[in-house]
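Understanding the architecture of this molecule
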Amino acid sequence: MVPRDFNPSLIRDGFFVVVKFTAARESKDMNRVELYDTTLRDGTQQEGISLSVEDKLAITKRLDELGVDVIEGGYAGANPKDDEFFRRVQDLKLNNAVLAAFGNTRRANSEASGDPTLQALLDSGAPILTLVGKSSEYQVREVLGTSLEENIAMIADSVRYLKSQGRRVMFDAEHFFDGYKSNPEYAVQALRVAVEAGAERVILCDTNGGTLPSEVGQITREAGEALGADAMIGIHTHNDTDTAVASAIAAVEAGAMQVQGCINGYGERTGNANMVSMIANLKLKMGMDVISDEQVAALTSLSNYVAEVVNRRPSPFQPFVGASAFAHKGGLHAAATERSVDAYQHIDPSLVGNSNSVVISELAGRGNVVRRIRELGLEEVLDREDATRIVQTVKEKEALGFSYEVAQASLDLLIKQSTPNYEQRFELVDFMVVVENRRRASFGTGWRTDGKEHPMLSEATVKVRVGDEVRHTAAEGNGPVDALDRALRKGLREFYPDVTNVRLTDYKVRVVNEGTGTGAAVRVVIESADEREVWQTVGASTNILEASWIALADSFEHWLQKNLTDKAKN
Ligand SMILES: [Zn+2]
């Protein structure tokens, strides 16, 4: 029994495992595990991760391309950001994934119809609604403070009501494993009523993340047997014992047909099961039909991309996709790998889009630039040597801390600036920023010793040249970057009045080469928008203001280029 997509090069990883595995799942006739991604919901629960609506839409697109089955977009009705996401995502054409919204079962002792959370779920417009409810006796009594019977009714009513409104429903059984360990009958009863009310998946959640893989496997098997062969079980694990992926795999081996996780293992506390590793293991080690070979080969770039968007340094030591995952430093290993590449690596790194040599990534960098040149319609204007030169510039800039993965507008500018007739819309002559916090008569009498707030003063002066004219403008701002932005706008407005349409919508800053303390380079990524488009630009420097300036200048230059070209066309 050979799985679809079986790759002969994987044979050393255990054909035996594949056969055994398939046999164990025979009754379900499935060599298929559903991928349910919750990066946009559970992933954003991790400290330090905050995503704008644009970020969420961009990640949604990439997750869809990756081939995941379900994308959980957020908590319905919990905050305006998630509501806006659910509104705007409806315009996004998804090819593989179905969108899910997350929310609680109805409140205790009330009706399902008219319940605000259930209504918010319906209002999200998401085709799949994932209800989270309690399955642990202790949680019901002590945390929810209601009776066991009422909790069961809450699950049944909520599922039935959402089903009656024509939506697909999945049920996340919160604290399932802890609940099962103390009262298995009740935990299973919670699942059973959800299934009977029409939930198409029941997901066993290790909410506290304290259950080890062997136990997860055993309990999943027992729950499956208790529910019967037709029950579709999912698994949702957290990484508190550093075994989230192993636990999810154990659950799959025990019959689970859906895995939930987050890209790069982001998520509450120590994170959720890492979706990247789960996909690689399911596909490459277990021969499961999850996503296509081409999609698996996109894992490395997707992992890096999401890291950039959440403003984290991609971990070089992340299994499968980290820069060091297949690097060989030891002399013996390096020599051995020269004789036989397979000697010290568990898979061919290219299967997940990774590599153990610099050459391949350089080729990939060139490929990206060439593709972008084509997309911009500049292949007639820029030849091979131009492309090589641009790749070289990109590399030099990346060494300084720039990253173009999440700043396409800056990459586009780099490319366009290499064309012979490029016309720079403005040029910065110089800038100066003053930040002051000093004693002023109108703001009390002491240096922050009087308990009153003393606002900081930020003022920027900017000198720009447009054509032959130079303008010198000054502006105060909310902070130094805001002051720079205002001063620059003021200068440009005279020449390009429409520039007031450009809004700064997000600003991210990150140290890119740790270890050198305050002398380290910082990367600034700015998101800007007008009424039609959103774009990102990047700057890097050891000086945060210079980095911000570079990103700001790119943003305006991008907008002016596009806008003036569009105008010329009309
Ligand atoms: Zn969770």
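Residues numbered from 1 in each chain as written. Predicted model: local features only at pLDDT ≥ 70, side-chain atom pairs only at ≥ 80, totals over all residues. Heavy atoms only, no water.

The subject of this paragraph is the overall build of the protein chain. On a plain count of helices and strands, the protein chain comes out with 19 helices and 14 strands. The buried share of the protein chain, reckoned over its 570 residues, is 51%. Sequence-distant contacts, at least 24 apart, represent 68% of the contacts inside the protein chain between residues at least 6 apart. Here the protein chain displays about 26300 Å² of accessible surface, and carbon together with sulfur accounts for 49% of that area. (Helix = DSSP H or I, 4+ residues; strand = E, 2+ residues; numbered from the N terminus. Buried < 20%, exposed > 50% of the residue type's maximum accessible area, 1.4 Å probe, protein only. Contact = heavy atoms within 4.5 Å. Areas by Shrake-Rupley, 256 points an atom, 1.4 Å probe, with all protein chains shown as cover.)

Strand order in the open sheet made by the 3 strands is β12-β13-β14, with antiparallel pairing throughout. Edge positions in the sheet fall to β12 (503-511) and β14 (534-541), since each of these pairs with one other strand and no more. Each strand of the sheet is rotated relative to its neighbour by a mean of 15°, with strand direction disregarded. By the bridge criterion, 8 bridges tie β12 to strand β13 (residues 522-529) in an arrangement that is antiparallel. (Pairing = 2+ DSSP bridges. Axes fitted to C-alpha atoms, helices over the stretch in contact; angles between N-to-C directions.)

Across the sheet, 3 strands lie side by side as β9-β10-β11; this open sheet has antiparallel pairing. Among the strands making up the open sheet, the edge pair consists of β9 (427-436) and β11 (469-477). The sheet shows a mean angle of 10° between the axes of neighbouring strands, taken without regard to direction.

Turning next to the pattern of salt bridges. Here the structure, examined in full by the defined rule, presents 31 salt bridges. Between E375 and R372 there is a salt bridge, and its shortest N-O distance comes to 2.7 Å. With E375 and R372 both in helix α15 (residues 358-375), this residue pair falls 3 residues apart, about one helical turn. On the basis of relative accessibility, which here comes to 13%, the residue R372 falls in the buried class. Here D430 makes a salt bridge to K463, at a shortest N to O gap of 4.0 Å. (Salt bridge = Lys/Arg side-chain N within 4 Å of Asp/Glu carboxyl O.)

Quick look at the packing of aromatic side chains now. Applying the stated rule across the entire model yields 6 aromatic pairs. Between Y75 and F102, the ring centres sit 5.1 Å apart and the planes meet at 90°, which makes this aromatic pair edge-to-face. Remark: F102 occurs in strand β3 (residues 98-104) and Y75 occurs in strand β2 (residues 70-75); sequence separation between them is 27 residues. Overall, F102 belongs to the buried group, its relative accessible area being 5%. Ring centres of F85 and F86 lie 5.5 Å apart, and the angle between their planes is 70°; on these two criteria the pair is classed as edge-to-face. This pair shows no difference in class: F85 is buried, exactly as F86 is. Put simply, the rings of F176, F177 and Y180 pair up and form one aromatic cluster. Here the guanidinium or amino end of R41 rests over the ring plane of F102, the centre of that ring lying 3.6 Å away. The ring centre of F402 lies 4.7 Å from the NZ or CZ of K397, which sits over that ring. (Phe/Tyr/Trp six-rings, centres within 6.5 Å; stacked < 30°, edge-to-face > 60°. Lys NZ or Arg CZ within 6 Å of the ring centre and 35° of its normal.)

Moving on to the nonpolar core. One finds F176 and L282 to be the most contacted residues of the largest nonpolar core, which totals 113 residues. Sort the elements by how many residues they give to this core and helix α8 (residues 184-197) lands first, with 8 residues. Those residues within four positions of F176 in sequence are excluded, and the remaining contacts are S135, A187, V188, L191, L204, C205, I219 and A223. Core analysis: the second largest hydrophobic core is formed by 27 residues, F426, V466, I526 and L552 among them. (Core = buried A, V, L, I, M, F, W, Y, C linked by side-chain atoms within 4.5 Å.)

Looking now at the side chain of D530. As for its position among the elements, D530 is in the loop between β13 and β14. In this structure D530 is buried but unpaired, with R532 as the nearest side chain of opposite charge at 4.4 Å. Side-chain polar atoms of D530 contact the backbone nitrogen of R532, separated by 2.8 Å. Those residues in contact with D530, other than ones at most four positions away along the chain, are N501, R503, W535 and W559. (Lys, Arg positive; Asp, Glu negative; His and termini not counted. Polar contact = N/O pair within 3.5 Å; in protein donor to acceptor, adjacent residues only side chain to side chain.)

What follows concerns the packing of helix α2 (residues 53-66) against helix α13 (residues 299-309). The contact between α2 and α13 brings their axes to 11 Å, and the two run at 170°. With respect to each other, α2 and α13 are oriented roughly antiparallel. Listed contacts from α13 to D55, A58, I59, R62, L63 and L66 of α2 are L299, S301, L302, Y305, V306 and V309. Of the residues that constitute the contact of α2 with α13, the class distribution is 9 nonpolar, 1 polar and 2 charged. (Parallel < 35°, antiparallel > 145°, perpendicular 65-115°, else oblique. Nonpolar A, V, L, I, M, F, W, Y, C, P; charged D, E, K, R; others polar.)

Now for the side chain of R425. Position of R425 among the secondary structure elements: in the loop between α17 (408-416) and β9. Setting aside residues up to four positions removed in sequence, R425 forms contacts with V466, Y496, E557, L560, Q561 and L564.

Another point: the confidence of the model for the protein chain. Counting all residues, the mean pLDDT for the protein chain is 87, and 85% of those residues have values of 70 or more. Ignoring residues within four places in sequence, the model shows residues 441-447, a span with pLDDT below 50, making 10 contacts including any to other chains. (pLDDT = per-residue confidence, 0-100.)

Locating N354 in the fold gives a position in the loop between α14 (331-339) and α15. Relative accessible area serves as the criterion here: at 9%, N354 is assigned to the buried category. When the C-alpha atoms of N354 and L299 are compared, they prove to be 8.3 Å apart, with 55 residues separating the residues in sequence. Residue contacts for N354: discarding those within four places in its chain leaves T300, F320, V321, G322, A325, F326 and P349.

Packing of helix α9 (residues 213-227) against helix α10 (residues 244-253) leaves a shortest axis separation of 8 Å and a crossing angle of 30°. If you check the angle between α9 and α10, you find them roughly parallel. In this structure, α9 crosses over α10, and the sense of that crossing is right-handed. Where α9 approaches α10, its residues P213, V216, G217, T220 and R221 are matched on the opposing element by A246, S247, A250, A251 and E253. Class assignment for the residues of the contact of α9 with α10 results in 5 nonpolar, 3 polar and 2 charged. (Left-handed = near helix turned anticlockwise from the far one by under 90°.)

Across 9 bridges, the pairing between β9 and strand β10 (residues 457-466) is antiparallel. The residue bridging D430 from the neighbouring strand is K463, located in β10. Examined bridge by bridge, β10 and β11 share 9 bridges and lie antiparallel to one another. In the sheet register, S458 faces β11, and the bridge partner there is G477. The hairpin formed by β10 and β11 contains 2 residues between the paired strands, and G467 there has a positive phi angle of roughly 60°.

Attention now goes to unusual backbone geometry. A positive phi angle, close to 50°, is found at H175, a residue other than glycine. Along the polypeptide, H175 turns up in the loop between β5 (168-174) and α7 (176-182). The exposure class assigned to H175 is buried, which follows from its relative accessible area of 8%. Of note in this structure, R269 is not a glycine but carries a positive phi near 55°. Considering the arrangement of structural elements, one finds R269 in the loop between β8 (258-261) and α11 (275-285). You can call R269 partly exposed: its relative accessible area is 43%.

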